[in-house]
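# Analysis of the macromolecular model
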Amino acid sequence: MSEAKPFCISKKEVWEAYKRVKENKGAAGVDDQSIEDFEKRLKKNLYKIWNRMSSGSYFPPPVRTVKIPKKNGGERKLGIPTVADRIAQQVVKARLEPEVEPLFHADSYGYRPRKSALDAVGQARERCWRYDWVLDLDIKGFFDNLSQGLLLRAVKKHAPEQWIVLYIERWLKAPMQEEDGRLVPREKGTPQGGVASPLLANLFLHYGLDRWLAAHYPQVPFERYADDIIAHCRTEREAQEMRKAIAERLQTCGLELHPEKTKIVYCKDDFRKGKYPNEKFDFLGYTFQPRRSKNRKGKFFINFSPAVSNKAAKTIRDTFRSWNLPNRSDKAIEDLSRMFNPIIRGWLQYYGRYYRSALYPTMRELDRDLVLWAKRKYKKLRHHHRRATHWIARISRRAPALFAHWQMGVRRGSMMGAV
């Protein structure tokens, strides 16, 4: 360590950070520099990041604001750092994460090694069978409103090196550049879209909520994925008390619960009688609600369980439409499979984990598009919808690996028959 380079950061750390950023892809920041552009002078650009970070002279550029539509209306602001800034953030994240990760609560699932959203959904499913009530929490504008002062206190407590605190503080203070070029200073929040933001959000809510719940309400289990949180209660009264207590706790941390979106839900099934205003909730792309299920003896019963949500199914259908399959008659069916099957497989792996049959109606829409594609592709099928339908059905039986939803088991024939 020299006076010119007071911070001990190795060139290898910067190289590893670059590889992670490249792997995650992502859009260009305020400098309009893509990863491909960055790589044109890769050695020089990485050296510049290392040199500035080691000497303490690294200052992040503004974060580019991108507005994306929310599923329930309105807009969410994403903050897109430059490629160089994402690499610098990854260097810091790689140093801080091993320090804080072992402290985090077992039921915090978001953006953590060896934990996934499906783990959270599975745990919630089991607990909904054991607990009659769910408190579905919605923190109003969490990423935009979290207290930077409280967050920095937590960072200082765990950062192994002073430069980690220095750079995190600079990132938190970096202004946002709006789409019209205007610079907006930031005094609270951390931009959604930053490499370090998910880790910082977890650290904030570890102290703001997880540890507090575990200490004061150990009888109330919960699942949290970033700021998406549900808690399980035995009675309606307990759920009401928890709503009040959590609202007060978050207020001390500078946050508030959304009054309309936070709700108490009754996990209704065959054994839980009565009628309540809320008997379903959405969590991580799944809707939990009473559903007709079959037990091992073939007998039907009502079970409170998750399946793909209407919002997620609509997003999938919108994606089908954006592919414009009927107008791709220049492509062979194998080409379409190469282009789109990895995406379909990903949906089935995620949304098909629980109550897979709820996906069938959505996947039938894809088969309808493939029928329209076949009618445009082949003259002999152009005016024969039924014949085109049977042709696609035959392909699905002969080569089920072409499209992942063709391998959904015994229902494949009936799915195609319903096209």
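Structure first, text after, so check above.
So, how was this worked out
- Residues numbered from 1 in each chain as written.
- Predicted model: local features only at pLDDT ≥ 70, side-chain atom pairs only at ≥ 80, totals over all residues.
- Heavy atoms only, no water.
- Helix = DSSP H or I, 4+ residues; strand = E, 2+ residues; numbered from the N terminus.
- Buried < 20%, exposed > 50% of the residue type's maximum accessible area, 1.4 Å probe, protein only.
- Contact = heavy atoms within 4.5 Å.
- Pairing = 2+ DSSP bridges.
- Core = buried A, V, L, I, M, F, W, Y, C linked by side-chain atoms within 4.5 Å.
- Axes fitted to C-alpha atoms, helices over the stretch in contact; angles between N-to-C directions.
- Salt bridge = Lys/Arg side-chain N within 4 Å of Asp/Glu carboxyl O.

### Side note on the environment of Leu96
- By the element assignment, Leu96 lies in helix 4 (residues 83-100).
- Note on Leu96: relative accessible area 2%, which makes it buried.
- C-alpha separation for the pair Leu96 and Arg86, spaced ten residues apart in sequence, amounts to 15 Å.
- Leu96 has contacts with His158, Ala159, Ile164, Ile168, Leu199 and Leu200, leaving out every residue within four places of it along the chain.

### Section: the sheet that holds strand 4 (residues 176-177)
- One open sheet accounts for four strands, arranged 2-1-4-5; its pairing is mixed. Every interior strand has two partners, whereas the edge strands, strand 2 (75-80) and strand 5 (183-184), have only one.
- The sheet contact formed by strand 1 (residues 63-69) and strand 4 spans two bridges and is parallel. Opposite Arg64, over in strand 4, you have Gln177 as the bridge partner.

### Some words on the nonpolar core
- Grouped together as the largest cluster of nonpolar side chains are 67 residues, with contacts concentrated most on Met53, Ile87, Ile168 and Ile246.
- In terms of residue count, helix 9 (residues 197-216) provides more of this core than any other element does, nine residues in total.
- With near-sequence residues (within four places) excluded, Met53 lies in contact with Phe7, Ile9, Tyr58, Ala88, Val91, Val92, Trp163 and Tyr167.

### Things to note about the sheet that holds strand 9 (residues 281-283)
- Spatial ordering of the open sheet is given by 9-10-11, a layout of three strands whose pairing is antiparallel. In this open sheet, the two strands that pair with only one neighbour each are strand 9 and strand 11 (300-308). The mean inter-strand angle of the sheet, taken between neighbouring strand axes irrespective of direction, is 50°.
- In terms of strand pairing, strand 9 meets strand 10 (residues 286-294) through three bridges, oriented antiparallel. Counterpart to Phe283 in the pairing with strand 10 is Tyr286.

### Notes on the pattern of salt bridges
- All chains considered together, the criterion is met by 22 salt bridges.
- In this structure, Arg237 and Glu241 form a salt bridge, with 3.4 Å as the shortest nitrogen-oxygen distance. Of this pair, Arg237 and Glu241 both sit in helix 10 (residues 236-252), separated by four residues, roughly a single helical turn.
- On the basis of relative accessibility, which here comes to 63%, the residue Arg237 falls in the exposed class.
- Given a relative accessible area of 46%, Glu241 falls into the partly exposed group.

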